[in-house]
Amino acid sequence: MTADAAGDRRDPGDGFSFDLTPRKLTVFGVFALLTVVALYFFIPQLAGLNETWDRIRTGRPLWLVIAAGSTFGMFGGYVFQFRAIYRAGLRWRESLQITMASLAASRLLSAGGAGGLVLQAWALRRAGLEPRTVADRTVSFIVVQYILYTLALVLFGYALYFGLLPGPHPFAITFLPATLALVVTLVGLSIGFVPPDLQRRLSDWCEEGGTRRQIARFAQAPASASAGIRDALRRIYDRDPAVLGALLFWACQIAVLWASFNAFGEAPPLAVLVVGFFVGMLGNLLPLPGGIGGVDGGMIGAFAAFGVDSGLAIVAVLTYRGFTFWLPTAPGVIAFIALRRTVERWEAEGRPAVSA
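Note that the structure is a prediction, hence the values are computed from the model and not measured.

Visitor: How would you explain the overall build of the protein chain if you had to name every residue and give the values?
Guide: The secondary structure content of the protein chain amounts to 14 helices and zero strands. Shown N-terminal to C-terminal, the secondary structure of the protein chain runs as helices and strands in the order α-α-α-α-α-α-α-α-α-α-α-α-α-α. Taking all 356 residues of the protein chain together, 49% fall into the buried category. The contacts of the protein chain with a sequence gap of at least 6 include a subset with a gap of at least 24, amounting to 78%. When the accessible surface of the protein chain is split by element, carbon and sulfur atoms take 68% of a total near 16700 Å².

Below you can see the structure in the form of structure tokens.
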């Protein structure tokens, strides 16, 4: 890579603020409180669901214990995947700080997990990783994790629709999401055909000057995306430990939802549970902190489309969100505070650059 191309690479974390100020925490707290109040007072009035909250008093504690244990497994998988992909010479404690702080950032700073990814990139840069390495490995991290998401929708959606697995099979909630997931997967993976050294190739065609720098900057995103996709596919083919971490991350989330259903009733068939879960997770794309309201409503709506009892779906989904969203948020904020101290220590020590 030429000096011009390398010089134009920007730090993925530069220009962003990660201060969880009292104002941000207050706004988030008020928003969360209003959401809980709305769920408590208004949802039970819909479609005659006054008996919904009666289920809570008759819940089975053992299943809630299983849900709690699965929650710890979920975040264990996330940390395991993180360490397998970045390999930045981090201790387990430092890796835990970054991942849990990223979780808090995704709740408080941005929808769809974008804030968490930016904070993660910022921390890794301070840990000594080169900007291009952070960018490439972040794409690899996302692809490894979310290709399992889309493949699950494709496999279980089509299997339900064509009757290969037991359960209801409405077109709009099985065939359609499966087809969209297949298209998104194929289009996304096609970026891997872009040469990972596109910056160098385009720069070689141009003379020195502003045009060369602009072309290098323009080529940075597709080149990094291609390198990350290729790295992710290589890891999947080689059965890299990162894939195990991603599998554990998703499987434990579904286990939390499964246990939440069983705590207050009977869980739907596995394929219905999987499809309803992943369709509902699309609510994370809404511009809401942590997808509050979007994920909940998406999952409840998906299970309602499958014919699952609405009262049971509401209680189960809200219980699932309590374990996977609310429970880790406070530790995530604490981890963020600890991470700031860790970064200050790295800077004081003059942590050397590493190539992962």
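Visitor: Any details on the packing of helix α11 (residues 241-264) against helix α14 (residues 310-349)? Residues and values, ideally.
Guide: Look at α11 against α14: their axes get within 8 Å of each other, and the N-to-C directions meet at 135°. Taken together, the axis directions place α11 and α14 in an arrangement best described as oblique. Classified by chirality, the crossing of α14 by α11 is right-handed. Together, Gln253, Val256, Leu257, Ser260, Phe261 and Phe264 of α11 and Leu312, Ala313, Val315, Ala316, Val317, Thr319, Tyr320, Phe323 and Thr324 of α14 make up the contact between the two elements. Per-class residue counts for the contact of α11 with α14 are eleven nonpolar, four polar and no charged.

Visitor: So what about the side chain of Gln81? Which residues, and what values?
Guide: Summarising the element assignment, Gln81 is placed in helix α4 (residues 61-86). Of the residues examined, Gln81 reaches a relative accessible area of 0% and is grouped as buried. Separated by 3.0 Å, the side chains of Gln81 and Gln145 make a polar contact. For Gln81, the contacting residues outside a window of four places in its chain are Phe141, Val144, Gln145, Ala242, Gly245 and Ala246.

Visitor: Could you give an account of the environment of Leu176, naming the residues involved and the relevant values?
Guide: When you line up the elements, Leu176 lands in helix α8 (residues 175-190). Assessed through its relative accessible area of 39%, Leu176 is described here as partly exposed. Residues Leu176 and Gly157, 19 residues apart in the sequence, show an inter-C-alpha distance of 8.3 Å.

Visitor: Got a sec to walk through the nonpolar core? Specific residues and values, please.
Guide: If you look at soluble globular proteins, the nonpolar side chains tend to sit buried side by side. Ranked by size, the top nonpolar core spans 83 residues in total, and within it Leu257, Phe261, Phe277, Phe278, Met299 and Phe303 carry the most contacts. Of the residues forming this core, the biggest block, 14 residues, is contributed by α14. If we skip the residues at most four places from it in the chain, Met299 touches Leu257, Gly276, Phe277, Gly280, Met281, Val317 and Tyr320.

Visitor: Before we move on, can you summarise unusual backbone geometry with the specific residues and values?
Guide: The phi dihedral of Arg239 is positive, around 55°, even though this residue is not glycine. By secondary structure assignment, the location of Arg239 is in the loop between α10 (210-237) and α11. For Arg239, a relative accessible area of 75% puts it in the exposed group.

Visitor: So what's going on with the pattern of salt bridges? Residues and values would help.
Guide: One pass over the full model with this rule turns up nine salt bridges. Between Glu347 and Arg126 there is a salt bridge; the shortest N-O distance is 3.9 Å. Placement of the pair is Glu347 in helix α14 and Arg126 in helix α6 (residues 114-126), with a sequence separation of 221 residues. Of the residues examined, Arg126 reaches a relative accessible area of 24% and is grouped as partly exposed. One salt bridge connects Asp231 with Arg235, and the closest N-O pair in it is separated by 2.7 Å. One end of the pair, Asp231, and the other, Arg235, are both in helix α10, four residues apart, so they sit about a helical turn from each other.

About the thresholds
- Going along each chain's sequence as written, the residues are numbered from 1 onward.
- For this predicted model, a pLDDT threshold of at least 70 governs which residues receive local features, and a threshold of 80 or more governs which side-chain atom pairs are given and counted, while totals over whole chains, interfaces and linings are taken from all residues.
- Where side-chain values are given, they derive from all heavy atoms of the structure, hydrogens and water being excluded.
- Comment: elements are numbered from the N terminus, with helices defined as DSSP H or I runs of at least four residues and strands as E runs of at least two.
- Partly exposed residues are those whose accessible area sits between 20% and 50% of the maximum for their type, while under 20% is buried and over 50% is exposed, using a 1.4 Å probe and protein chains only.
- Should any heavy atoms of two residues lie within 4.5 Å, those residues are considered in contact.
- In this description, accessible areas are obtained by the Shrake-Rupley approach with a 1.4 Å probe, and a residue is regarded as covered only by the protein chains that are shown.
- Where helices are involved, their axes are fitted lines through C-alpha atoms of the stretch in contact, as for all axes, and angles between N-to-C directions lie from 0 to 180°.
- Angular relationships are summarised with four words: roughly parallel below 35 degrees, roughly antiparallel beyond 145, roughly perpendicular across 65 to 115, and oblique for the angles in between.
- Crossing handedness is defined as follows: a turn of the near helix away from the far one that is anticlockwise and smaller than a right angle gives a left-handed crossing, while the clockwise case is right-handed.
- Note on residue classes: Ala, Val, Leu, Ile, Met, Phe, Trp, Tyr, Cys and Pro are nonpolar, Asp, Glu, Lys and Arg are charged, and everything else, Gly too, is polar.
- By the criterion applied in these results, polar contacts are pairs of N or O atoms within 3.5 Å in which, for protein atoms, one can donate a hydrogen and the other can accept it, and in which residues neighboring in sequence qualify only through two side-chain atoms.
- Nonpolar cores are built from buried Ala, Val, Leu, Ile, Met, Phe, Trp, Tyr and Cys residues. Side-chain atoms within 4.5 Å join them into one set.
- One speaks of a salt bridge when a side-chain nitrogen belonging to Lys or Arg is within 4 Å of a carboxyl oxygen belonging to Asp or Glu.

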